[in-house]
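Survey of secondary and tertiary structure
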Amino acid sequence: MNFQFTMQTNVLSEPGVAKKAGFYLKEYGAKNVLIVTDQAIVKAGLLEGIYNSLKQEGLSITIYDHVNPNPKNTEVETVATRALEDSVDGLIAVGGGSVMDFAKGVGVLLTHEGSIKDWEGDFTLQREITPLICIPTTVGTGSEVTWIAVITDTARNFKMGIVDPKVAPKMALLDSDLIRTLPPSVTASTGMDAMTHAIEAYTSRFASPMTDALAYKAIVMIKENIEDLVSDSKNQQAGQAMLNASMMAGIAFNNSNVGSVHCLSEAIGGYYDLPHGVLNSIFLPFVFKRNIKADPSRHAEIAYLLGAEKNFSSEEEAALEGFNIIMELRKSLNLPKFNELERVTPEDFKHLAKVAKETPMDESNAKEMSEEEYLEIIEEAFSE
């Protein structure tokens, strides 16, 4: 089998490791540092150890703490302009996927001219972005190890992607001390985001032995730990395991791509400005079921990893039990249904199906999906 595997980011996984951020960023030559985060992180007091580590290394510090979910191109450009004025040469992202993608976008504009929209697409960058250290405070996106930045183009209500190894963070610091105050709903949705990454990486048409190994182990680790962490956010063993699984799933899908679950969540999330992890959790089981006939063996393997008994007469029957297990897991985690989300209206479904089909991840899905099938999946999820 021919394949290429790329890993750009150094990973350190250890409780308390975020307090060494200043030391590591200084190693990359930074003097003027911008911390990118959000108000919830500030109010939770999670920046203190990171801030102190930067001061101890004598680094100049600026903070932008107003990142919102689904970062917008206009906001990224405004912050990048200020960062240029402050001669920022090092970035730290502390937060979830939106924060990390926002920081990547700023990093692009610190080393490239124009607007962020000028760099949309695959392999468009001319040079590496400003050195970036990512410190995730959720257990799902994997953005700390991916060379993908997703930014919402406000003119199109569309989530555009910048996909290039040059956008990858220099380092990821996985610290379970920073997820001890994570609300159960966020743990659940971001954890299912990581599960989606792992399952789609494993069933992708571009999967390889390397991505299989990472995705396989990530599925097991998420299954074993997600409910424990939702029940007790201070469970350090479960927290560190979920951070590691999310990271592993991120590396896997970055090298195999995701599929139709993400086509739907990106299309719908960009249109309605809805949380990415919640949407992935909604559409994962329905796409999983639709994909079974394209690769019953792999979907059966996933079902067994999720706990299905090995007593089925066919791989398709076993795989269908995987669908049932995912549905039950969503229920046990108290995740919302599609028809419970604000602003969602059936009048938009045909348009959303068209956008989903046009999303680049469509080509890597296990099964070739038509626009009509995307519409059927949306309608099935809405009628749940």
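Before any of the text, the structure's been laid out above.
Everything in this summary refers to the structure shown in the same document. The structure presented is a predicted model; accordingly, all values stated were derived computationally and were not measured.

The next subject is the sheet that holds strand S7 (residues 148-153). What the 3 strands build is an open sheet, ordered S5-S8-S7; its pairing is mixed. Each of the sheet's edge strands pairs with one partner strand only, and the pair in question is strand S5 (121-122) and S7. Here S5 runs beside strand S8 (residues 158-163); their pairing, made up of 2 bridges, is parallel. Looking at S8, one finds that Gly121 is bridged to Ile162.

Here we come to the packing of helix H9 (residues 260-272) against helix H14 (residues 371-382). One way to put it is that H9 packs onto H14 with a least axis distance of 11 Å and a crossing angle of 75 degrees. Of the possible angle classes, the one that applies to H9 and H14 is roughly perpendicular. Every residue of H14 that contacts H9 at Ser260, Cys263, Leu264 and Ile268 is listed here: Tyr374, Ile377 and Ile378. Residues belonging to the contact of H9 with H14 are distributed by class as follows: 6 nonpolar, 1 polar and no charged.

Time to look at the nonpolar core. Membership of the largest hydrophobic core comes to 82 residues, with the highest contact counts inside it found for Met192, Met195, Ile268, Phe283, Phe338 and Ile378. Among the elements that line this core, the one with the most residues is helix H8 (residues 236-256), at 11 residues. Setting aside anything within four residues of it in sequence, one finds Phe338 in contact with Ile268, Leu279, Ile282, Phe283, Val344, Phe349, Ile378, Ala381 and Phe382. Counting 32 residues, the second largest nonpolar core, distinct from the first, contains Ala83, Ile116, Leu125 and Ile151.

This paragraph deals with the side chain of Thr190. Note that Thr190 resides in helix H6 (residues 184-203). A polar side-chain atom of Thr190 sits 3.4 Å from the main-chain amide nitrogen of Val139. A polar contact of 2.7 Å, which involves the side chain of Thr190, links it to the backbone oxygen of Val186. Residues contacting Thr190, with those up to four places away along its chain left out, are Thr138, Val139 and Gly140.

Here we take up the packing of aromatic side chains. Scanning the entire structure with this criterion turns up 10 aromatic pairs. On the basis of an interplanar angle of 75 degrees and a centroid distance of 5.2 Å, the ring pair of Phe23 and Tyr24 is categorised as edge-to-face. On the basis of relative accessible area, Phe23 is assigned to the partly exposed category, the value being 42%. Residue Tyr24 is classed as buried on the basis of its relative accessible area of 17%. Here Tyr271 and Tyr272 contribute two aromatic rings whose centre-to-centre distance is 5.1 Å and whose plane-to-plane angle is 85 degrees, an arrangement assigned as edge-to-face. Residue classification places Tyr271 among the partly exposed positions, given a relative accessible area of 33%. Among the aromatic residues, those joined into a ring-pair cluster are Phe283, Phe338, Phe349 and Phe382. Of note, Lys289 hangs over the ring of Phe323, and the distance from its end group to the ring centre comes to 4.5 Å. Lys310 extends its terminal NZ or CZ atom over the ring of Tyr304, reaching a point 5.3 Å from the ring centre.

How each quantity is defined
Residues numbered from 1 in each chain as written. Predicted model: local features only at pLDDT ≥ 70, side-chain atom pairs only at ≥ 80, totals over all residues. Heavy atoms only, no water. Pairing = 2+ DSSP bridges. Helix = DSSP H or I, 4+ residues; strand = E, 2+ residues; numbered from the N terminus. Axes fitted to C-alpha atoms, helices over the stretch in contact; angles between N-to-C directions. Parallel < 35°, antiparallel > 145°, perpendicular 65-115°, else oblique. Contact = heavy atoms within 4.5 Å. Nonpolar A, V, L, I, M, F, W, Y, C, P; charged D, E, K, R; others polar. Core = buried A, V, L, I, M, F, W, Y, C linked by side-chain atoms within 4.5 Å. Buried < 20%, exposed > 50% of the residue type's maximum accessible area, 1.4 Å probe, protein only. Polar contact = N/O pair within 3.5 Å; in protein donor to acceptor, adjacent residues only side chain to side chain. Phe/Tyr/Trp six-rings, centres within 6.5 Å; stacked < 30°, edge-to-face > 60°. Lys NZ or Arg CZ within 6 Å of the ring centre and 35° of its normal.

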